[in-house]
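Coordinate inspection notes
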Amino acid sequence: MNPNIINPQELAKLFAPLVKTSMSHFLPETILTVGFLLAIILDLLIKKSSQKKLTGYFALIVLAAAFVTSWMQWQPYVEGSTTWKGGSMIFPYMTTLIPQIGMAVVDNFAVFFKLLISLSAMLIVLMSMLSREVEERGRHNGEYFALLLALTLGMFLMPAATDLVMMYISLELVSITSYIMVGFMKENSRSSEASMKYVLFGAFSSGLMIYGFSILYGLTGTTSIVGIQAVLQSGMEAHTVNQLALWVGVILSLAGMGYKISAAPFHFWTPDVYEGAPIPITALLSVASKAGGFGLLMRFLMFGFPVDFQTGKLLLNWPLVVAVLAAVTMTLGNFAALRQSNIKRMLAYSTIAHAGYMMVGLVAVGSGLFMLAEVRSVGFHKELLPHFYEMSGMVSVMIYLVAYLFTNLGAFYVIMLIANKIGSEEIEDYKGFAKKSPLLAVSLGIFLVSLTGIPLTVGFIGKLYIFSSILTADPITHATPWVWLAVVMVLNSVVSLYYYVRVMQAMFIKQADAQTAPLTSALSVGPDGTLSYSLISKIFIFAFLVPTIVLGVYFQPVVDFTSNVVRFFSLQ
Amino acid sequence: MTVGLNHFLVIGAILFVLGIFAMLSRRNVIAVLMGVELILNAANINFIAFTRYGGVNIGGQMAAIFVIVIAAGEAAVALAIVLNIYKNFKSVNPSEVDSLRD
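This write-up is about the structure you can find in this document. Just so you know, the residues in each chain are numbered from 1, in the order the chain's sequence is written. Chain letters start at A and ligand numbers start at 1, both assigned in the order the entries are written. Owing to the predicted nature of the model, reporting of local features is limited to residues with pLDDT of at least 70; listing and counting of side-chain atom pairs is limited to 80 or more, with chain, interface and lining totals taken over all residues. Excluded from the side-chain calculation are hydrogens and water; included are all heavy atoms of the structure.

**Observations regarding the nonpolar core**
With 216 residues, the main nonpolar core has A:Phe213, A:Phe300, A:Phe305, A:Tyr430 and A:Leu444 as its most contacted residues. Helix numbers and strand numbers start at the N terminus; a helix is a DSSP run of H or I with at least 4 residues, a strand a run of E with at least 2. Per-element tally for this core: the top contributor is helix α16 (residues 393-422) of chain A, with 23 residues. What we call a nonpolar core is a set of buried Ala, Val, Leu, Ile, Met, Phe, Trp, Tyr and Cys residues that are connected through their side-chain atoms within 4.5 Å. Each residue's exposure class comes from its accessible area (1.4 Å probe, protein chains only) as a fraction of the maximum for that residue type: buried when under 20%, exposed when over 50%, partly exposed otherwise.

In structure tokens form, the structure reads like this:
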């Protein structure tokens, strides 16, 4: 018998406790997987297409369970605690290189994104139940909600993945499911065209990404990003790592992640897909899938290529690349949005611009790492740290994502309600809409104001934190290297005001004329010419409107919550 | 001359470039999807060659298996979408299926 083969019984004894603890860390994902399978069975059991909505309620329960179990994984930081670990690996394995690495990790960073994603998925399920586009395909509604659960599972794994293979699988799980969801309205030619463009762009960029991953694996001999960091750390000193090959690998990897967050030059799919997809799916792609992409990208760059604490230098100067891409992305998005006539298309370009703003926060993450190394090199400055947490780029990106969640979902929800009645998404057809439905017009106005980033809305808080993080001076040299990026961002915010205001002008100031689209159903118009909406769809607006305004004034809880996440990283 | 790591990497790079060329130049969606398969297989060749000649662990071979599985799933979904495109547009040429534009 080959002596190298370990006795299976001994192996089982060794791994049983590991699997057991891993499964308990994997509870939210397990719930989603089981829920997805049960939703398919439920769909088969329901015969009448009018009752298919039951699957939606089931999906809601599963998502709520995933939300609660993710919440229980949250580990609040206790001042002076020695047992506080902040995270644990899922499915760890031993190597000679590093004591313990795993496929995924449960830490506050991943938990934050899981909470954000499951919350937005729940809102999307509710939104889909009120959507006319989804309702028209009644017989297939069961599949729709089941796929939504699979999509959420993929997005849960994205920010938690710490292994290149896991990153690829989670990204593809999200991509493949969203190709189907985008083409959900099969008979609609716009929807199927959008899904074709999505699948071609998606396959191209994820192909580039996996090729980049193969190069990174070849350079470092490991697929774990923690391992990559360890190898680079020692390899850089010994000059055994080829810089050019490393750059090629990283840039190709960024292609796949940049496509997920729709950063230039991988943004071409965004307007077409957002315009063709059913509105709830557009909203989901613009918020949850982008949040997952940012989680993945941040972990890849921060864990894989952080600062070398011995030399105080970045292992790879990625903040510069991200800064250039950020400037290009927001400028491109804002200027293209100026000449759009379809509001979904306009918002698609605006989400590209918002991805650019969040990438500015990502640049601040890089310079924050740099500062952390410097603070450590002069000894641990305890009084500097709280300031460091609150102003760090990571906190700013997360605050921005929270702001973006409520604002953007709210805007898409109102657009969906309007499209349900007037059957159009053209800004021209919004003329005089304030008279037809004052509540919808005012709330869309507030969401657009928040997207611009005007004070007293949550959008302002998001932008403010991004600004302060990028302009935070180095604590030792007092240098602020990214002033130009902040200037580009301010100018872009001014440009964005123009196209947001154009929608408000159409709604509030202009009068409806002969060219304005007529109402599709005469029954929905009240005696005084106003559109009537069901009570539930009106109440649901406040689920987005209240956080947009309240968090714009009272935002300290969000800041405290997100600061907890960063404390974990500083312990490493 | 013995076959070494470099030979495999060169084949991988050639496949990768051919795949990108096919994706950008073909006028049929099916051919574009074949380009995707070439790119993925280029990555697979890299992974397996690095594992064979690097000899640190089997992570690369594991990655290649996952890539194959995902490629199959992606191809299935993509072909279903192409069928649907043909039903709606009576064409599978991406430049003709272009009603969504600025």
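Still to come is the rest of the account.
**Remarks on unusual backbone geometry**
Between A:Ala264 and the following residue, A:Pro265, the backbone shows a cis peptide bond with an omega angle of 0°. With respect to the secondary-structure elements, A:Pro265 resides in the loop between α10 (243-260) and α11 (269-276). Residues other than glycine seldom take positive phi values, yet A:Ser262 does so here, at roughly 50°. Secondary-structure assignment places A:Ser262 in the loop between α10 and α11. A positive phi is found at B:Lys90, a non-glycine position, where the angle reads about 55°. Within the element layout of this structure, B:Lys90 appears in the segment after α3 (59-89).

**Thoughts on the interface of chain B and chain A**
Working rule for contacts: check all heavy atoms of both residues, and any pair within 4.5 Å makes them a contact. Residue-level contacts link 43 residues of chain B with 43 residues of chain A. Taking both sides of the interface into account, the surface hidden between chain B and chain A amounts to around 3500 Å²; carbon and sulfur atoms contribute 71%. Basic side-chain nitrogens of Lys or Arg form a salt bridge, by our definition, when they fall within 4 Å of a carboxyl oxygen of Asp or Glu. The tally of links from chain B across to chain A stands at one salt bridge. Ionic pairing is found between A:Lys197 and B:Asp98, a salt bridge with its closest N-O pair at 2.7 Å. In the analysis that follows, any N or O atom pair within 3.5 Å is treated as a polar contact, provided that within protein one partner can donate a hydrogen and the other can accept it, and provided that, for residues neighboring in sequence, both atoms belong to side chains. One can count ten residue pairs in polar contact (both at pLDDT 80 or more) joining chain B with chain A. At 17 residues, α3(B) tops the list of elements feeding residues into the side of chain B that touches chain A. In this classification, the charged set is Asp, Glu, Lys and Arg, the nonpolar set is Ala, Val, Leu, Ile, Met, Phe, Trp, Tyr, Cys and Pro, and all remaining amino acids, among them Gly, are polar. Counted by class, the side of chain B that touches chain A contains 28 nonpolar, ten polar and five charged residues. Two parts placed together each lose some accessible area under a 1.4 Å probe, and adding up what both lose gives the buried area.

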